[in-house]
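Tertiary structure, described
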Amino acid sequence: MPLSYYIGMAIASISAQSNFAVGAVVNATFGSIIELTFYITALIKGAREDNKCYEEVVKSALTGTLLGCVLFVPGLCMVIGGIKHREQRFNSRSAGVGSALLFISVGGVFAPTLFSKVYGKMICGECLNFGQNGTDKYICQNCHTELIGQNGTVFYSGVKPLVYTVSILLPAAYVIGLIFTLKTHSHIYDIHISDCHVPGHHHSPVVHWSRLRAVVILIGSTLLMSACADLATEHISPILTGATVSQYFIGVTVLAMIPELPEIVNGIQFALLNNLSLSIEIGSCIAVQVCMLQIPILVLFSVFYPTGFTLIFCDLHLWASIFSVILMNYIFMDGKCDYFQGTALVMVYLILLAMYFFAPSPAGC
């Protein structure tokens, strides 16, 4: 929490001395460093122990970060900001750009999963024959789609090339989005709609440090936060083996939300200052970076270090992510919000968490 406080102060100082798109990108980038430390350490640990549960936990953490940044972070900021300010406005044009990038991200990340659903084979266990009069009728449980194993023909001829193609296209789309937001159309992000409704409100009160000092403190705090993340991942084994809840739930909550503490604190601070545009942009940038940068980096890392990480998610991750992005796009459509809309986002997030809590653990865990 102290490191989260210093990271938030540094981000606030940097964003106050530039447009809020720069602040959101900086915030998301340093947050991604912390999260990647979690994920890579967990994948290496799983590869060394030959335990596939770590890969499933990492996938759950990636999905949990996406859901948290799309639903929980903006929803919580809307609720807390809406209690202080009756109605808050934000830059709907910048939110629209973030929504478009999120649709591209989710479509690309889950393309291999959809491919496997179409061309994979259904594998079932615990089948009972209820056939009569010479007919074979079975009732099966624990069914899931497989690509005839990772050594199968479909995996190598279809899914693996698709994963590498997506891992190249997503970072390229992210670079184009950066050029759009920071260079060619940066004027879109210079519109601080929230500030126009608060007389005498300026960004100068949140300039805690100079830009150089803020960058130095930000880098130092991020490195220390990554060390904490690495230490936490090394001691996650007792949680995985001794917990009575699903490993999906552990990944979505513990591994996903602990690195998000700086972003949650930052978003709340900006929402209280009636600068909801930056709060929303922070969550959107992190979600986009999870799909367009973090996942391709994990795929690339698995090429050089055989962690066994495959870009095929379970159905719960797939549909929860798609539904969350659609809901977020609907809420952000009109450019204004209140605490009720924020409550709706938070409630949907809690409902999804309840689904993960009662979901069975991955096979073999």
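Residues numbered from 1 in each chain as written. Predicted model: local features only at pLDDT ≥ 70, side-chain atom pairs only at ≥ 80, totals over all residues. Heavy atoms only, no water.

**Side note on the UniProt feature "transmembrane region" (unreviewed entry) in the chain**
UniProt marks residues 20-41, 61-83, 95-115, 162-182, 239-258, 278-304 and 339-359 with the feature "transmembrane region" (unreviewed entry), using the numbering shown here. Secondary structure over residues 278-304 splits into 100% helix and 0% strand, and the C-alpha atoms at its two ends are 37 Å apart. (UniProt positions renumbered as here; feature names shortened; annotations may be inferred. Helix = DSSP H or I, 4+ residues; strand = E, 2+ residues; numbered from the N terminus.)

**Some words on a nonpolar patch on the surface**
Taken together, the side chains of Tyr164, Leu300, Val303 and Phe304 define a hydrophobic patch exposed on the protein surface, amounting to about 430 Å² of accessible area. Among the elements that make up the nonpolar patch, the one with the highest residue count is helix H11 (residues 276-304) (three residues). Within the secondary structure layout, Val303 lies in helix H11. (Patch = residues over 30% accessible without salt bridge, like charges linked within 9 Å, V, L, I, M, F, W, Y side chains within 5 Å. Areas by Shrake-Rupley, 256 points an atom, 1.4 Å probe, with all protein chains shown as cover. Salt bridge = Lys/Arg side-chain N within 4 Å of Asp/Glu carboxyl O.)

**Notes on the environment of Leu261**
Considering the arrangement of structural elements, one finds Leu261 in helix H10 (residues 261-272). Look at Leu261 and you get partly exposed, because its relative accessible area is 29%. In contact with Leu261, other than residues within four places in its own chain, are Met1 and Ser4. (Buried < 20%, exposed > 50% of the residue type's maximum accessible area, 1.4 Å probe, protein only. Contact = heavy atoms within 4.5 Å.)

**Side note on empty space enclosed by the protein**
If you walk through the whole model with that rule in mind, you get three cavities of 30 Å³ or more. Put simply, the second largest cavity is a space of about 40 Å³. Looking at the second largest cavity, the residues that line it are Leu62, Thr63, Leu66, Val109, Phe110, Val290, Cys291, Ile295 and Phe313. Elements with a minimum of two residues in the lining of the second largest cavity: helix H3 (53-84) and H11. (1 Å grid on protein atoms, 1.4 Å probe; cavity = no way out; pocket = protein on both sides within 12 Å on 5 of 7 lines; lining within 4 Å. Points joined across faces, edges and corners; volume = space filled by probe spheres on them.)

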